[in-house]
Amino acid sequence: MTPLRLIIVGLGARAKTWLKVAEANAEVEIVALCDPNPAAQTSAAEHFPDIPIGADITEIIGTDADAVLLCTPPGGRERQIEVSCAKGLDILAEKPLADNVVAAARYVEMAASAGVHLIVGLNFRYLNVTQEMRNLLATGAIGTPEFGRFTYERWRDGTQDWLNKYPLTMDHPMLWEQSIHHFDLMRYVYNTEPVQIQAHTFNPSWTMYAGDTNVSALIAFQNGMTVNYQGTWQSGHEPMNFNWRTDGSEGIIVQREMFGDLAWAKRLQTDLAPVTLSKHEPWITDATTLLKSFVSTCRGRAPPECTGRDHLQSLFMLQACILASDRSATVEIEEIRALTT
Ligand SMILES: NC(=O)c1ccc[n+]([C@@H]2O[C@H](COP(=O)([O-])OP(=O)(O)OC[C@H]3O[C@@H](n4cnc5c(N)ncnc54)[C@H](O)[C@@H]3O)[C@@H](O)[C@H]2O)c1
């Protein structure tokens, strides 16, 4: 079968991983690239001398292609989605799909009307640790899960060369750029949807970010789960502290590293039993599996995973946190959903 012809839009930090992963996939052929930044174009041209490289998607959209991968900042993707839909290209968009729920919901409808797949790059779902935690819960290893604590404490120096710069000035960078992964994981692993959220977002005095980098939230889910969430980009030291604990009627599960370290225990067991995880190269293995899933969907071999429509639920959680913090009050997810209909 001929490879899936892929256009990659946005050649910044995240695209480095995607270029590597796409090149290694025999079912994918990179056919065009674009980025308005001349330095990004030059560097791409050195590695891909034979393919068109434009400054804007409209310059390369005439290239014969099947799909587009958006590695652009989440704000201002309207035209990229519009143009891709008009050309009938399936879309794999980096998370978050947009930087507000109304735009994201519009993109989902645009893709549905155009009959193209709109998939969001939620790579953490494809980690073995995530799959194993989901399995443990589904098989009832700890009975019925009823509450959890999710902690993500990181010192993220947003001025470092290898990191993107737009989060330094965006509203609520922690929520839109980072918590989006965590909220998606909660929905995915607990297999449930959010109902209401209490939250407080703020910045510590020493922050280098314009928007809030600290998020404290109490999230209630449909299946009765309550999760106590704390995420921050401006605390701690190296390495970051990732700790996700779930309490069930018969025991607990803990994940103590972002890419692994899963263990669990029944109520009266004093030692946690580690779960054996398959070998994993951070960022690469997860993106590789995600891309395989996208190709299978585009080829009609597998149902879509991480759809834009599904992703809206996680975006509603972000927006609910913002509103809850502004109001100092509980916010129902239903109120946020109503903003998009
Ligand atoms: N899934 C993950 O683990 C993960 C990790 C990092 C970043 N991301 C996501 O990837 C996306 C990109 O982040 P990044 O770190 O690469 O940011 P970045 O700022 O490093 O790169 C974005 C690139 O897009 C280019 N760009 C801007 N507007 C464009 C346009 N209209 N057309 C084409 N190119 C355009 C910029 O010039 C820049 O080179 C974001 O949505 C981010 O949240 C995901």
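Above this text you will find the structure in question.
Scope of this entry: the structure provided in the associated data block. (Residues numbered from 1 in each chain as written. Predicted model: local features only at pLDDT ≥ 70, side-chain atom pairs only at ≥ 80, totals over all residues. Heavy atoms only, no water.)

## A few points about the side chain of Asp286
- Tracing the backbone shows Asp286 in helix H8 (residues 284-298).
- Despite its burial, Asp286 pairs with no opposite charge, the nearest such side chain being Arg14 at 5.2 Å.
- Only 2.9 Å separates the side chain of Asp286 from the side chain of Asn123, close enough to count as a polar contact.
- Other than its neighbours up to four places away in sequence, Asp286 contacts Asn123, Tyr126, Leu127, Phe259, His280 and Glu281. (Helix = DSSP H or I, 4+ residues; strand = E, 2+ residues; numbered from the N terminus. Buried < 20%, exposed > 50% of the residue type's maximum accessible area, 1.4 Å probe, protein only. Lys, Arg positive; Asp, Glu negative; His and termini not counted. Salt bridge = Lys/Arg side-chain N within 4 Å of Asp/Glu carboxyl O. Polar contact = N/O pair within 3.5 Å; in protein donor to acceptor, adjacent residues only side chain to side chain. Contact = heavy atoms within 4.5 Å.)

## Remarks on the layout of surface pockets
- Counted as a void, the second largest pocket has a volume near 220 Å³.
- For the second largest pocket, the full set of lining residues is Leu11, Gly12, Ala15, Lys16, Leu19, Lys20, Glu23, Ala40, Ser43, Ala44, His47 and Phe48.
- For the lining of the second largest pocket, the elements supplying multiple residues, two or more each, are helix H1 (13-23) and helix H2 (38-47).
- Among the elements that take part in the lining of the second largest pocket, H1 stands out by supplying 5 residues, more than any other.
- When the residues that make up the lining of the second largest pocket are grouped by side-chain class, the tally is 6 nonpolar, 3 polar and 3 charged. (1 Å grid on protein atoms, 1.4 Å probe; cavity = no way out; pocket = protein on both sides within 12 Å on 5 of 7 lines; lining within 4 Å. Points joined across faces, edges and corners; volume = space filled by probe spheres on them. Nonpolar A, V, L, I, M, F, W, Y, C, P; charged D, E, K, R; others polar.)

## Overview of the site of the ligand
- Close to the ligand lie 26 residues, the nearest being Arg14, Asp35, Asn123, Asn164 and Glu177.
- At 2.8 Å from an oxygen atom of the ligand is found a side-chain nitrogen or oxygen belonging to Asn164.
- About the coverage of the ligand: the protein hides 82% of its 850 Å² of free accessible area.
- Residue classes in the shell around the ligand are distributed as 11 nonpolar, 9 polar and 6 charged.
- Here the shell around the ligand spans two domains, since at least three of its residues come from each of domain 1 (4-121) and domain 2 (124-278 + 315-335). (Near = heavy atom within 4 Å. Areas by Shrake-Rupley, 256 points an atom, 1.4 Å probe, with all protein chains shown as cover. Domains from an automatic or database assignment.)

## Regarding empty space enclosed by the protein
- Scanning all chains against the criterion turns up 1 cavity of 30 Å³ or more.
- Within this model, the largest cavity holds a volume of roughly 30 Å³.
- Every residue lining the largest cavity is listed: Phe124, Gln178, His181, His182, Leu185, Phe242 and Met258.
- Top contributing element to the lining of the largest cavity by residue count: helix H7 (residues 173-190), with 4 residues.

## With respect to the packing of helix H6 (residues 128-138) against H7
- Where H6 contacts H7, the two axes come as close as 9 Å, and the packing angle between them is 40°. Judged by the inter-axis angle, H6 sits oblique to H7. Counted together, Thr130, Gln131, Met133, Arg134 and Leu137 of H6 and Leu185, Tyr188, Val189 and Tyr190 of H7 form the full contact between these two elements.
- For the contact of H6 with H7, a count of residues per class yields 6 nonpolar, 2 polar and 1 charged. (Axes fitted to C-alpha atoms, helices over the stretch in contact; angles between N-to-C directions. Parallel < 35°, antiparallel > 145°, perpendicular 65-115°, else oblique.)

## Considerations on the packing of aromatic side chains
- A full pass over the atoms with the stated rule returns 11 aromatic pairs.
- Where Tyr152 meets Phe242, the ring centres are 6.4 Å apart and the plane angle is 85°; that geometry is what we call edge-to-face. Placement of the pair is Tyr152 in strand E7 (residues 145-153) and Phe242 in strand E11 (residues 241-248), with a sequence separation of 90 residues.
- Judged by centre distance (5.8 Å) and plane angle (80°), the rings of Tyr190 and Trp244 are edge-to-face. One end of the pair, Tyr190, is in helix H7; the other, Trp244, is in strand E11, with 54 residues separating them in the sequence.
- The exposure class assigned to Tyr190 is buried, which follows from its relative accessible area of 5%.
- Across the ring face of Tyr188, the terminal group of Arg134 is positioned such that the distance to the ring centre comes to 3.9 Å.
- The ring of Trp233 is capped by Arg156, whose NZ or CZ atom sits 4.1 Å from the centre of that ring. (Phe/Tyr/Trp six-rings, centres within 6.5 Å; stacked < 30°, edge-to-face > 60°. Lys NZ or Arg CZ within 6 Å of the ring centre and 35° of its normal.)

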